[in-house]
Structure formats: structure tokens, C-alpha cells
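Coordinate inspection notes
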Amino acid sequence: MNRFPVIEMKGISKRFPGVIANDNISFRVYPGEIHALLGENGAGKSTLMSILAGLYRPDSGTIKVKGEVIRLHSPRKALEEGIGMIYQHFRLVNNFTVAENIVLGSKHVNWGIKQERIQKETREISHNYGLEINPAVRVNQLSLGEQQRVEILKMLYRGCDILIMDEPTTVLTPGEVKELFQVLRIMSRQGKSIVLITHKLNEVMEIADYVTVLRRGKVVGDDRIENLDEGILTRMMVAREVVYSQAQRDSSPGGVILNVDNLKIQGDRGNIAVHEVSFNLRRGEIMAIAGVAGNGQRELVEALAGLRKAVSGSIEYEGEEIKHYDAKSRIALGINMVPEDRIGMGLVPNLSVIDNSILRSYYKEEFYSGWFLNYNKIRSYTDRIINEYNIVLSDSNHPVNYLSGGNLQKLLLGREIDQKPRVLLASYPIRGLDVAAAEGVYDLLLKERDKGTAILLVLEDLDDIFRIADRVAVMYQGFIRKILDVEKTSIDEIGSIMVGTELAGV
Amino acid sequence: MKLKKFTALILLAMLLSVFVVGCGNDAKTESEQPAEQSEAIKVGWVYIGVPGDYGWTYAHDQGRKYLEAEIPGVESIILENVPEGADAERSFEQLAQEGCSIIFGTSFGYGDAMLAVAEKYPDIKFMHATGLQTADNLSTYFGRIYQARYLSGMVAGAMTTNNQLGYVAAFPIPEVVRGINAFTLGAQSVNPDAKVKVVWTNTWFDPAKEKEAAKSLLEAGCDVIAQHQDTTEPQVAAEEAGKYCVGYNTDMHDFAPEGNLTSPIWNWGPYYVNTIQAVIDGTWASEAYWGGIDEEIVDLAPISDKVPAAIVEQVEAKKEALKSKQWDVFTGPIIAQDGTEKAAEGQVLTDTEMLSMDWFVAGVEGSL
Amino acid sequence: MLKLKLIRRENESTMARLIVPVLSIIMAFGCGWIFLALSGYLPAVVFAKMFNGALGSPYAISETIVKAVPLMVAGLAISLAFRMKLWNIGAEGQIYMGAFAASGMALALGNGSPYVIIPIMMIAAFAAGALWGLVPGLLKAYWQVNETIITLMLNYVAIYWVDYLVFGPWKDPNSMGFPLTPIFSPAAQLPTWGDSRVHLGLLLAGIIAIVFYLVVQYTRWGYEVRVMGESSQAAKYAGMNVAKNIMLVMMVSGGIAGIAGMIEVAGITHRLQQGVSPGYGYTAIIVAWLARLNPFAIIIVAFLFGALLVGGFAVQIVGVSFSITQILQGTVLFFLLAGEIFLRYRLVLAREEAV
């Protein structure tokens with residue numbers, strides 16, 4: 001392998017409001033190398049690569065491309081330097097042909113497009129890299145795997161020698177993954193460098209030459225693949241040195257309130273997002289769902305709350321089948337939910353705090369007199385929630401968007417808890433909150449648990465799971481891989497199940 | 001974000017175009033200082049279209065200009081492009097409030113509005129072109145354009161090579177039907193095999209629609225296009241297709257220099273002068289005026305030199321006959337489309353029969 | 001590369017909301033002033049006539065109101081749908097359908113008690129407009145068909161349907177073949193105020209605005225509309241029936257527009273004819289947008305819009321041709337809309353970062 005790195009990033013830092021996405025990161029790629037950039041969601045992988053692709057500018061640090069310090073101030077500039085990035089969401093024009101998409105926006109084409117010429121060129125490149133595709137077909141007739149090929153061809157056509165791919169395998173079938181890897185190997189043999197952003201360890205082990213692991217914006221380790229195994233990588237990704245203290249509990253869980261059996265749920269794109277999961281939930285316990293985002297957690301929670309239809313299986317609430325109940329009836333039963341999207345789903349943007357406080361109970365008698373909403377009653381109800389849950393705001397007539405993240409979450413939780421739920425579903429309740437606000441949310445949840453409410457929490461940070469949950473169900477690719485007692489498991493174990501590699505003996 | 005940028009661009013373009021249009025127009029200076037004469041008289045005009053149509057409204061506007069040149073004390077107030085719906089009544093009322101002594105309205109559809117306003121302003125005279133209802137201070141006026149149409153039909157009938165004449169027509173109302181029948185009879189008088197295909201546009205004024213209608217007739221094989229429309233577009237369509245055409249309202253020769261054969265035209269000026277003079281003299285009285293070619297309110301524009309001299313002579317002869325009132329267009333025998341006889345040999349249709357004409361003569365291909 | 005970008009303002013000050021439109025109008029008149037001067041007119045005379053023609057006398061004001069009433073009602077209809085982010089640009093067709101149904105009732109019922117005939121005409125007009133709104137509503141609710149296109153296409157269907165009737169079966173035998181229905185009986189004509197043409201439609205527009213406000217702000221259904229307009233996700237989460245409400249809102253929106261059609265035939269033309277609405281359904285979109293979908297603001301904006309249109313006609317009296325008055329109206333509109341855009345968005349000079 002060549003001695004000179006084709007990419008050398010040094011001391012890269014990038015802040016977003018409230019977050020340090022990249023903290024003094026150094027990163028090197030050599031010619032012909034397949035380099036895996038590994039880390040949990042939010043570890044800073046995408047930010048780092050977006051900087052390399054010219055989408056973001058770093059707050060500090062230098063980037064050398066082929067030995068020269070370059071300022072990558074735009075994606076166009078990055079492309080000129082031979083750096084191309086393929087995003088998870090493809091940037092193709094659906095009703096253009098493959099060949100048209102490939103030449104679109106490239107410098108070789110100005111005004112007119114000669115179909116024959118560009119199709120011939122496309123065929124040549126695709127042949128060189130084993131990326132067989134018909135250049136005359138329209139993109140909207142292609143599978144996602146084929147669309148990905150078009151994206152790769154687009155980058156090759158523009159003369160990229162450094163190709164960044166963001167989670168390229170998530171949209172692919174296993175067969176397509178195999179083909180993709182084949183292509184990547186051919187490209188690497190021809191001297192192209194490839195950076196794969198991923199969190200799938202098995203793929204890393206299969207394809208990568210070199211691995212850099214990020215955690216919370218920092219490089220926690222990098223090495224050649226020969227010196228690594230999945231165990232080491234898992235520990236790098238999820239382990240931490242801090243000692244956490246389990247929340248004290250005064251009561252023990254009661255009987256089963258919710259029993260989910262063989263539940264199968266469809267995702268937004270018609271795929272099966274959740275495959276026959278079974279679990280139960282007991283009164284006075286917090287069960288966490290761990291997993292990398294996008295493994296079916298969202299669909300599962302929505303199905304339990306009645307916002308999404310289940311394909312098959314059953315949901316029993318106190319022994320009663322409720323699979324066919326709509327959202328309102330489930331609220332009436334005492335199944336409440338705090339969704340992942342605070343503003344947009346949980347709260348209505350641009351409507352006032354007052355209006356938002358009755359979002360899930362606006363149809364109840366108590367808020368009406370005759371035909372009309374009784375805003376006196378609603379206002380005093382809102383005031384009560386504000387006081388009880390310590391929500392800080394200047395005016396409850398203002399749109400809810402004016403509230404800070406912590407206060408939004410308190411409003412949401414307060415509103416749901418105030419309805420005296422018996423089952424509370426909450427997704428990422430502390431995402432984006434600072435320590436104090438997160439603390440406040442935990443206190444609320446623990447208090448609810450102690451009142452005997454069954455709580456299902458979708459969480460991403462393993463620390464939090466150990467801090468608050470009694471049990472943890474680990475989801476991976478739509479399956480609940482394991483349900484574990486928090487006291488009898490470890491971060492390593494959960495972490496490895498989360499990323500699809502179960503380690504023997506841990 | 002893309003969309004917003006695009007919007008900004010459009011707005012910029014709009015702004016620029018406003019300025020460009022603004023600068024291009026400065027030549028048009030229309031400082032109308034009314035001549036301070038003892039016999040100043042305010043005359044109101046409500047036009048259905050704009051004088052720039054080179055058609056119906058243009059002809060009336062030419063008449064207005066003629067009037068102003070003949071009687072110096074006339075001060076005109078013009079409202080253009082007034083639709084026949086809710087806006088018409090306000091327009092007549094505004095002219096009445098401006099102190100007009102006499103107000104002309106140039107479209108059939110103004111009837112309701114003119115009647116209502118005339119009732120409110122009994123001292124003001126109202127003149128309704130093509131109208132039906134009269135009142136003490138409301139006259140109707142029109143001309144026997146069918147006579148000129150007959151003559152233009154003779155020219156068209158002589159010039160067609162396949163006996164297929166096309167007619168772009170506005171509304172299926174007696175005025176238009178009469179014109180089509182006259183045109184057809186004229187064509188058949190020189191060419192018994194001539195047929196007239198009719199396409200309705202259901203609008204007086206719509207350049208695009210008129211042109212489309214003419215094109216459809218050309219595609220159907222017609223080689224002469226006539227029109228009862230307010231713009232010159234049917235002429236343009238025929239010219240583009242290399243076919244002949246017959247205009248209407250004004251001499252449309254300049255818009256189809258190759259194809260235009262002639263046009264039945266309006267000559268409102270003298271009538272307007274007579275009317276205003278009557279107002280000034282205090283002799284104005286309500287009437288239902290329907291003047292013929294002998295009174296020169298209607299006429300035929302000069303005939304193209306492509307038309308053989310023999311035909312031109314024939315046309316001139318008929319015109320003389322009309323002028324001398326020895327003969328009129330709807331003189332029997334007249335056979336309708338369905339074969340019934342509408343007028344026996346030598347019988348002449350009465351004005352009432354002509355004003356309510358709702359049937360086609362034989363040889364017209366079209367339906368009402 | 002440097003680029004201009006429009007960025008949504010987080011909060012607009014109340015002052016700006018008042019000052020910007022006024023400034024826009026002043027700038028528009030300034031621009032129009034220069035333009036008129038360049039064209040050889042006396043701008044002061046023209047603008048004075050414009051003002052007088054629209055607002056300068058009781059008669060002028062009454063005519064401005066006449067022009068504004070259909071814009072008010074259609075604007076209210078549109079803003080209800082727009083509140084739910086349903087882009088109903090089919091008010092024009094719904095007006096025609098309302099005019100058709102009301103005329104049908106008026107012609108069928110002949111003379112009788114106005115207290116019977118006028119309500120029946122209203123109900124029929126509402127039903128016909130509602131049907132015209134329901135079709136795109138249904139397609140949107142169940143098959144996610146874009147309502148913009150369907151409502152736009154249905155406009156043509158409605159206009160041609162009315163054309164067919166006035167040229168064909170409903171044509172007045174005494175109209176000498178002209179495409180008009182017979183005049184309605186007096187019982188089917190809306191009462192007018194004094195000898196002006198201001199009719200009961202103005203009162204109806206006011207009532208609709210008040211009911212609109214009360215329903216949207218204070219009823220359960222209005223609450224659902226407000227929530228759904230902001231976020232369909234939140235509406236689903238709140239257990240609302242989104243599909244049902246899409247249909248309902250489109251129906252009510254179409255029904256109100258239908259009433260605008262009924263008001264026009266029963267209040268002004270007293271018969272059905274071609275061109276019952278010279279584009280009120282489209283102008284009302286601008287009215288609704290400038291009024292920010294606020295029912296009371298719609299009444300005011302529609303009145304000002306009526307003034308602009310009527311004033312535009314009036315300036316012809318001082319010798320300004322129709323095309324120039326259209327440019328003047330266009331200038332005012334242009335500056336108003338531009339002002340609105342700068343009120344809602346900030347213009348930022350930014351380096352391009354994203355493709």
C-alpha cells in the first residue's frame with residue numbers, strides 16, 4: 001500500500017448549537033483503501049464525512065488532499081478534488097434516464113445532451129467496474145440497489161478517486177450487499193479509496209482494510225482490520241468508563257398489563273418493519289427498548305399506541321385484544337404515548353401552549369360548554385399542567401415553538417401523565433436535553449413507575465438504560481433479539497446484540 | 001429553498017418588466033384639452049373590447065374620431081373592455097354621473113344595464129348598438145351588414161376552388177345567423193355548389209380561440225375563411241395557411257395582404273354625427289335604427305385585385321341594386337337547411353322575420 | 001458562490017405587519033406616479049380619480065362593496081381549505097356550480113315568497129359547491145390525489161357546464177338566441193340597500209365571516225382543522241380522522257364558494273349568464289393570502305381589492321386607457337405581494353453551501 005495518504009484530516013472540530021459533533025478528530029485514508037468509519041448514531045461520523053465532502057466547514061482543523069492543504073468550501077470544490085459522497089437518500093432525478101442522471105451537473109456537459117454519446121460513456125464506465133446497468137432506463141424503474149449503482153457511476157463519471165458512502169447497505173438486500181462489496185473491491189484494486197460510514201460490525205469485518213471508531217465526536221480507536229475483532233470494536237463503540245448508579249426503587253413490578261404476541265408491523269415503505277415480536281409489560285416496571293435507530297422501534301411503539309396497523313399477531317391489554325382499537329380508544333383505556341418527534345407529532349407547531357395542552361383530550365366533556373370549547377376551563381387546565389410539571393414559559397398563548405427542548409418534553413410528558421396512564425410509551429424522551437432537563441424527565445418517569453404505571457421506553461444511550469430501566473429488549477432488524485434483566489447484563493452484551501453480533505459467553 | 005429562490009427570481013423579473021413596459025410607452029401623450037366652445041357636449045362610450053382590436057371596437061372608435069373631427073364641441077369619455085356582467089351597470093352609471101348628455105353602449109349584452117340606468121337618468125340619452133329594447137331615452141341602432149355580407153359571399157363563392165367556405169362565428173344569435181345566411185346566399189348566387197361550414201366560438205373577442213376555430217376550418221378543407229368576430233386572427237390563420245379570407249368590421253386587408261379578398265365594414269362616423277347633431281338641435285327622439293348600405297353605415301371594403309374583374313362587376317351591380325332598394329338579400333325563393341321554404345318566389349322577408357332569424361339556409365353546414 | 005436566499009422569519013412584529021402593506025402601497029403609487037408621468041398623464045389627476053371612483057362618494061363606495069362581496073365570500077371559502085393546507089384553487093368552479101344550482105331553483109320555483117325561495121337557492125348553491133369540493137376531497141383523502149390539479153380542472157368542467165345550460169336548455173326564448181337565462185322573479189332576487197346595488201350578500205358575507213371565526217376558534221371541529229392544518233402527524237396522534245376532515249373541509253369550502261355564486265346571480269345579474277364570475281375564485285386566493293386566512297381581515301382586504309378594481313375602471317374616465325389601468329393595478333398587487341414576502345421571509349446574502 002502507498003505510503004502517502006490521499007486524505008489527511010487533522011484536528012477537525014465542528015460544533016452545532018449545544019453539541020460538539022466532532023472534537024479534534026484526525027483521520028487518514030490511503031489510496032486503494034477501504035476504510036470503515038464506525039460508531040453509534042450521533043457519534044459524529046456523518047458530520048466528519050460531510051466536512052470532507054464540502055457540505056460543512058469545520059470550526060478548526062486542516063484537510064490535506066493528496067498532500068496539499070485544501071479548503072473544501074463547497075461540494076463542487078470537493079468533487080473537483082476527487083471526493084464524492086453518496087448519501088443514504090439518493091440524489092437522483094427519478095424521471096431521467098440512468099445516463100442523464102450520470103452526466104447531470106457534470107462539467108463535460110453544457111447545453112445539449114446527446115443521448116447516444118452519454119449512453120456509450122455510461123456503458124464504458126459501468127463495464128470497467130462491473131456495475132452493469134442499462135443506461136437508457138429511467139431511474140424510477142430501478143431498485144434501490146440499482147439506484148445506488150447509478151450514484152456510484154455518477155461519482156466515477158466525475159472522476160472521483162475518494163468515494164464516501166453513508167450506510168450503503170441499509171437499503172440493500174443481502175444479495176445486493178454482496179454485489180456492492182464486489183464492486184468496491186474492484187474499485188479499490190484500481191486505486192480508488194472508499195470510506196464506508198457504518199455501524200454494522202460484520203460488514204466491517206468482511207470488507208474493510210482499516211477501521212476508525214468514533215464515539216461522542218472523538219476518535220476512540222483506529223487500526224488495521226487484522227488487529228481487530230468484533231469484540232474489540234463493540235467495546236470501542238459502546239463501552240464507557242463512567243460508573244453509573246442504578247435508580248433506587250421502592251416497589252417491585254406487579255402483574256402483566258400488556259401482552260404482545262407475534263406482532264408483525266409494516267413500515268412506511270411497505271416493508272415489514274417489525275417481525276413477529278412477543279413480550280409483555282408489567283405494572284410498575286420500566287422496560288427499555290435498545291437498538292440502533294431504524295430497527296423497528298418507531299413502528300412498534302406506533303402500533304402499540306394505535307397509530308399504525310399491525311399486520312398480524314395480538315396486543316392484549318388486561319387480557320383484552322386491542323389490536324383493532326384506534327388511537328382514541330387506546331387513550332381511553334389508559335395507553336398514552338410520547339412520540340419521538342416532539343414538535344410535529346407530539347405537539348402542534350404554531351399552535352399555542354394552551355391549544356397543545358388538550359391535543360389528546362380535546363374531545364372530552366370537561367373542555368366544553370355546549371358547542372364551544374370552553375377556553376376558561378382549558379386555560380386553567382393548562383396552568384395546572386404548567387405548575388405541576390414546572391414548565392417555564394413566558395406566555396401560554398404563545399406558539400409552542402417558543403419553548404426550549406426540556407420544557408417541550410415536560411409539557412408533552414406532563415400532558416400524557418396527567419391523563420393517568422396505565423401504560424406509558426415514550427420514545428427518546430431525553431434526546432437533545434441537557435443534564436438538568438434529562439434529570440427532570442427521569443424523575444417524572446420514575447415517579448410514574450412507582451405509581452404502578454407500566455412504562456416502555458425507547459432509548460439509544462446504553463447508560464440511560466442502566467440508569468432507569470428494569471428490563472431491556474434489544475431490537476435488531478425488526479426482531480426483538482433478547483429481553484434481558486438489566487441487573488444481569490452488561491453494556492457489552494447489549495451493545496453486541498444491538499449491532500447484530502452476539503458474542504458468545506458474555 | 002429552491003422554490004423560494006425561484007420565487008425571488010420571478011419577482012425580480014416582474015419588477016424589471018414593469019419598468020421596461022413603463023419606459024416603452026412614454027410616446028403616447030394624450031392630453032385632451034376640451035375646446036372651450038359654447039356647444040360643448042359630453043359623450044360617453046362603453047366599449048366591449050379595446051380599440052386596438054382592429055375589429056368591432058376599432059370601427060366604433062373610428063366613428064367616434066370622425067364625430068370629434070366633425071363637431072368640435074364633443075368631449076368623449078371612454079370606458080374600454082367593460083364586460084357584460086356586473087361591471088356594465090356601474091360603467092353606464094359612472095358616465096351618467098360624469099355629466100354625459102348621451103351614452104353609447106356597443107354590445108348586445110349591455111341591454112339590462114342600459115335599461116336600468118336609462119330609467120334612473122331620464123334626461124340622458126342612451127344608444128344601444130345591436131340592442132332590442134328601446135325606451136323614451138334609449139335608442140337602438142344597427143346596420144344592415146347582411147347586405148355587405150351577401151356581397152362578400154359573392155366574392156368568396158367565386159374564389160373557392162373546392163366549394164368549401166369556412167365561417168368563424170361568435171354566438172348563435174339572429175344577428176350572426178343572418179350574416180351567415182346572407183354570405184351563403186351571396187356565394188351560391190355565383191356558385192350554386194358552394195357550401196359554408198360554421199364553427200361557433202361563443203365569444204366576440206378572443207384572439208386565440210378565433211384563430212383556433214379558423215384553423216379547424218382550414219383543416220377541414222375550407223379554402224376561404226369568413227368571420228363574425230372582433231379580431232383579425234381568423235384572417236391571420238388563413239394567410240398563414242395560404243388560403244383566402246374575408247374580413248369583418250374594418251378593412252382587414254393589411255392583416256392578410258395575400259389572402260384577404262374583401263371585408264364587410266362598418267362606417268359609424270356619419271351616423272354618430274347625425275345623432276349628436278340631433279341632440280344639439282334638440283331633435284333627438286328614441287328610435288330603432290337599422291340603416292342599410294344606401295345610408296353608407298355599412299359597406300364593402302375594396303376588393304382584392306386577385307378577384308377577376310367580371311366578378312367585381314357583378315358585385316358592383318348587386319351593390320347598386322341594394323342601394324337603389326330595388327332588391328334585398330332575403331328575396332325568395334329561400335329554402336332552409338331542413339328543406340322548408342322560408343320565402344316563396346319574389347317574397348321578401350320582413351324586418352321582424354330577419355331580426356328573429358333562427359334557421360340556416362340550405363348550403364350551410366352547421367347547427368344552431 | 002454568493003446567492004440570495006429567502007429565509008422564513010421566526011416572528012414578525014405586529015408593527016411590521018401594519019407598516020409593510022402601507023409602505024408597499026405607497027411605493028406602488030410612487031412607481032405608478034413615475035410611470036403615468038412618463039406616459040404623459042397627470043398622475044395627481046389619475047390617482048384622485050382612482051380614489052374618487054372607488055371611495056369618493058356613497059355611490060362609489062356602494063359599487064366597491066358590490067365588487068367586493070363575491071371576493072369576501074370566495075376568500076372565506078378558500079381560507080378555510082387553506083387553513084388545512086388543502087390547496088383549493090377550485091373556488092371559481094364552485095362559484096359557477098353554486099350559481100348554476102341557485103339559478104336552477106330560481107327558474108324552477110318561479111315566483112313565490114322570497115323567504116322560501118332565497119333560502120332554497122342558498123341551500124342548493126351550498127350543496128352544489130360542496131359537491132364540487134367533495135370530489136377532490138374524496139380523491140385526496142383516500143388516494144392522495146393532488147387536490148390542486150383536480151380543483152383546477154373541475155373549474156373548467158363547471159364553467160363549460162354553465163355555458164352549456166345558457167346556450168342550450170336554459171336559454172331564454174325571448175333573448176333572441178343570446179346565451180342568457182330568463183330574469184329571475186323578484187322573489188329570487190336579493191333585496192338591495194336603497195337604490196344602490198349593495199345587496200343582502202354583504203350581510204351574508206359578514207355572517208359567514210363571524211361563523212367561520214367562531215367555528216374555527218371555538219369548536220371541536222375547528223380545533224381539529226387547526227391541528228390538521230399544522231401537522232397531519234399530530235392530528236393522527238391526537239386520534240383525529242384526517243380523511244374524514246379533508247372531505248368535510250373541502251365540502252364546506254366548496255359550499256361557501258357556491259354561496260358566492262348564488263349571491264352573484266341573485267344579487268347582481270338576476271339571471272345566469274356566461275362569465276358569472278370574471279375570475280373571482282382566483283382573485284380571492286390573493287385576497288385570502290394577503291389576509292393571512294383571517295376571516296375579518298378577508299372582509300377588509302376584499303373591500304380594498306374591490307376599490308382597486310372599481311377605481312381602475314374609473315380612471316378611464318380621465319382618459320387613461322384600459323391597459324394602463326391594468327398596469328397600475330398590477331403594480332399595486334406586485335408591491336403588496338412583494339412586501340408580504342419580505343415580511344414573511346428574510347433575504348440573506350449567503351455563500352452557497354449545499355448543492
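Each remark here, short or long, concerns the structure printed above.
My aim in this report is to walk through the structure given alongside it, one point at a time. Fair warning: this is a prediction, and the values are worked out from it, not measured in the lab. (Residues numbered from 1 in each chain as written. Chains lettered and ligands numbered in written order. Predicted model: local features only at pLDDT ≥ 70, side-chain atom pairs only at ≥ 80, totals over all residues. Heavy atoms only, no water.)

**Examining the overall build of chain C**
Looking only at helices and strands, one finds 13 helices and 2 strands in chain C. Since a compact globule built from 355 residues should have a radius of gyration of about 20 Å, the 22 Å found for chain C is in line with a globular shape. Relative to its full complement of 355 residues, chain C shows a buried share of 56%. In chain C, the proportion of contacts linking residues at least 24 apart, taken out of those at least 6 apart, comes to 78%. As displayed, chain C has an accessible area near 14100 Å², and 71% of this comes from carbon and sulfur atoms. (Helix = DSSP H or I, 4+ residues; strand = E, 2+ residues; numbered from the N terminus. Rg over C-alpha atoms; globule rule 2.2 N^0.38 Å. Buried < 20%, exposed > 50% of the residue type's maximum accessible area, 1.4 Å probe, protein only. Contact = heavy atoms within 4.5 Å. Areas by Shrake-Rupley, 256 points an atom, 1.4 Å probe, with all protein chains shown as cover.)

**Things to note about the overall build of chain A**
Within chain A one finds 16 helices and 22 strands. By the compact-globule yardstick of 23 Å for 506 residues, chain A fits well, its C-alpha radius of gyration being 25 Å. If you line up chain A on its principal axes, its C-alpha atoms span 70 × 55 × 45 Å. Relative to its full complement of 506 residues, chain A shows a buried share of 56%. Considering only contacts in chain A between residues 6 or more positions apart, those separated by 24 or more positions represent 67%. Considering chain A, the positive charge centre built from 63 side chains and the negative charge centre built from 66 side chains are found 4 Å apart. (Lys, Arg positive; Asp, Glu negative; His and termini not counted. Charge placed at Lys NZ, Arg CZ, Asp CG, Glu CD.)

**Brief notes about the sheet that holds strand β9 (residues 244-246) of chain B**
All names here are of chain B. Reading across the sheet, the 6 strands line up as β10-β9-β8-β6-β7-β16 and stay open at both edges, with parallel pairing between neighbours. A strand with exactly one partner marks an edge of an open sheet, and here the two such strands are β10 (260-262) and β16 (364-365). Pairing analysis gives 2 bridges linking β9 to β10, with the strands arranged parallel. Within β10, the residue paired with Val-246 across the bridge is Thr-262. Packed onto the sheet, helix α5 (residues 145-159) meets β6 (164-169), β8 (224-228), β9 and β10 and runs at close to 135 degrees relative to β10. Packing of helix α7 (residues 207-219) onto the sheet brings it into contact with β6, β7 (195-200) and β8, and relative to β6 it is tilted by some 160 degrees. (Pairing = 2+ DSSP bridges. Axes fitted to C-alpha atoms, helices over the stretch in contact; angles between N-to-C directions.)

**Focus on unusual backbone geometry**
Following Gly332(B), the chain continues into Pro333(B) via a peptide bond in cis, with omega recorded as 5 degrees. Note that Pro333(B) resides in the loop between α10 (309-323) and β14 (334-335). Although it is not a glycine, Asn262(A) sits at a positive phi angle of roughly 50 degrees. Assignment of secondary structure puts Asn262(A) in strand β11 (residues 256-266). In the Ramachandran plot, Tyr428(A) falls in the positive-phi region, its phi being about 45 degrees despite a non-glycine side chain. Within the fold, Tyr428(A) resides in the loop between β19 (423-427) and α14 (435-450).

**Some details on the interface of chain C and chain A**
Interfaces are often described in size by the accessible area the parts lose on coming together. Taken together, the contact pairs 24 residues of chain C with 36 residues of chain A. For the pairing of chain C and chain A, the buried interface totals around 2500 Å² over both sides, and the portion due to carbon and sulfur atoms is 57%. The interface formed by chain C and chain A holds 1 salt bridge in total. One salt bridge connects Asp355(A) with Arg226(C), and the closest N-O pair in it is separated by 2.6 Å. Linking chain C to chain A there are 14 residue pairs in polar contact (both at pLDDT 80 or more). Elements with a minimum of two residues in the side of chain C that touches chain A: α7 (201-218), α8 (220-230) and α9 (232-237) of chain C. (Buried area = accessible area lost by both parts, 1.4 Å probe. Salt bridge = Lys/Arg side-chain N within 4 Å of Asp/Glu carboxyl O. Polar contact = N/O pair within 3.5 Å; in protein donor to acceptor, adjacent residues only side chain to side chain.)

**Points about the pairing of β11(A)**
In this structure, β11(A) lies alongside strand β12 (residues 272-282) of chain A, joined through 7 bridges in antiparallel fashion. Among the inter-strand pairings, Ile265(A) is bridged to a residue of β12(A), identified as Val274(A).

**Describing the environment of Ile89(C)**
All names here are of chain C. With respect to the element layout, Ile-89 can be found in the loop between α3 (58-83) and α4 (91-109). For Ile-89, a relative accessible area of 17% gives the class buried. Sequence separation of Ile-89 and Ala-124 is 35 residues, and the distance between their C-alpha atoms is 21 Å. In this view, Ile-89 contacts Thr-148, Thr-151, Leu-152, Asn-155, Tyr-282 and Ile-285; residues no more than four positions away in its chain are not counted.

**A closer look at the environment of Leu55(A)**
Residues and elements named next belong to chain A. Counting through the fold element by element, Leu-55 comes out in the loop between α1 (45-52) and β4 (60-65). When its relative accessible area of 17% is taken as the criterion, Leu-55 is described as buried. Through-space distance from the C-alpha of Leu-55 to that of Met-85 is 9.9 Å; in sequence the pair is 30 residues apart.

**Description of the arrangement of the chains**
Among the 2 pairs of chains that make contact, the interface with the largest number of contacts is formed by chains B and C. Between chain A and chain B there is no contact, and the shortest C-alpha to C-alpha separation is 15 Å.

**Describing the environment of Gly191(A)**
Positionally, Gly191(A) belongs in the loop between α6 (174-189) and β8 (193-198). The contact partners of Gly191(A), leaving out residues within four places of it in the chain, are Pro31(A) and Gly32(A).

**Details of the pairing of strand β9 (residues 210-215) of chain A**
Residues and elements named next belong to chain A. β9 sits mainly inside the fold: 6 of its 6 residues count as buried. Alternating residues of β9 divide into Tyr-210, Thr-212 and Leu-214 and Val-211, Val-213 and Arg-215, and every residue in both groups is buried. Where strand β3 (residues 34-38) and β9 come together, 4 bridges link them in parallel fashion. Within the sheet, the bridge partner assigned to His-35 lies in β9 and is Tyr-210. In this structure, β9 lies alongside strand β10 (residues 218-224), joined through 6 bridges in antiparallel fashion. Among the inter-strand pairings, Val-211 is bridged to a residue of β10, identified as Asp-223. What sits between β9 and β10 in their antiparallel hairpin is a turn of 2 residues, with Arg-216 showing a positive phi close to 50 degrees.

**Notes on the sheet that holds strand β6 (residues 83-86) of chain A**
Residue and element names in this part refer to chain A. Read from one edge of the open sheet, 6 strands run β6-β7-β8-β3-β9-β10, paired in mixed fashion. Edge positions in the sheet fall to β6 and β10, since each has one partner strand and no second. The mean angle between the axes of side-by-side strands here comes to 15 degrees, regardless of whether they run parallel or antiparallel. The pairing of β6 with strand β7 (residues 162-166) spans 4 bridges and is parallel. In the strand pairing of β7, Gly-84 is matched with Leu-163. Here helix α5 (residues 144-157) sits on the sheet in contact with β6 and β7, set at roughly 170 degrees to β6. Its contacts with the sheet put α6 on β3, β7 and β8, and the angle it makes with β8 is roughly 145 degrees.

**A short note on the packing of aromatic side chains**
Tallied over the full model, the rule gives 39 aromatic pairs over all chains. Where Tyr362(A) meets Tyr223(C), the ring centres are 5.1 Å apart and the plane angle is 35 degrees; that geometry is what we call tilted. Within this pair, whereas Tyr362(A) is found in the loop between α11 (353-357) and β17 (368-369), its partner Tyr223(C) is found in helix α8, the two belonging to separate chains. Each member of the aromatic cluster is reached from another via a ring pair, and the members are Trp45(B), Tyr47(B), Trp56(B), Phe104(B), Tyr141(B), Phe142(B), Trp266(B), Trp268(B), Tyr271(B), Tyr272(B) and Tyr289(B). (Phe/Tyr/Trp six-rings, centres within 6.5 Å; stacked < 30°, edge-to-face > 60°.)

**Some words on a nonpolar patch on the surface**
Residues Trp371(A), Phe372(A), Ile210(C), Tyr213(C), Leu214(C) and Phe296(C) make up a contiguous nonpolar surface patch of roughly 610 Å² in combined accessible area. Of all the elements, α7(C) adds the most residues to the nonpolar patch, at 3 residues. Structurally, Tyr213(C) can be placed in helix α7. Taking the relative accessible area as the measure of exposure, Tyr213(C) reaches 30% and is therefore partly exposed. (Patch = residues over 30% accessible without salt bridge, like charges linked within 9 Å, V, L, I, M, F, W, Y side chains within 5 Å.)

**Observations concerning the packing of helix α11 (residues 280-290) of chain C against helix α12 (residues 295-314) of chain C**
Residues and elements named next belong to chain C. Where α11 contacts α12, the two axes come as close as 9 Å, and the packing angle between them is 130 degrees. What the angle tells us is that α11 and α12 run oblique. Regarding α11 and α12, the two cross each other, and that crossing is right-handed. On the side of α11, the interface is formed by Thr-283, Ile-286, Val-287, Ala-288 and Leu-290, while α12 contributes Ile-298, Val-301, Ala-302 and Phe-305. Here the residues of the contact of α11 with α12 are counted per class, giving 8 nonpolar, 1 polar and no charged. (Parallel < 35°, antiparallel > 145°, perpendicular 65-115°, else oblique. Left-handed = near helix turned anticlockwise from the far one by under 90°. Nonpolar A, V, L, I, M, F, W, Y, C, P; charged D, E, K, R; others polar.)

**Side note on the pattern of salt bridges**
For the structure on display, the rule yields 48 salt bridges over all chains. The partner of Lys65(B) in a salt bridge is Asp61(B), and the shortest N-O contact between them spans 3.9 Å. Linking Lys65(B) with Asp61(B), this pair stays in helix α2 (residues 56-70), spanning 4 residues, or about one helical turn. Overall, the relative accessible area of 43% leaves Lys65(B) in the partly exposed class. Salt bridges sharing common partners tie together Asp87(B), Glu89(B), Arg90(B), Glu63(C), Lys67(C) and Arg197(C).

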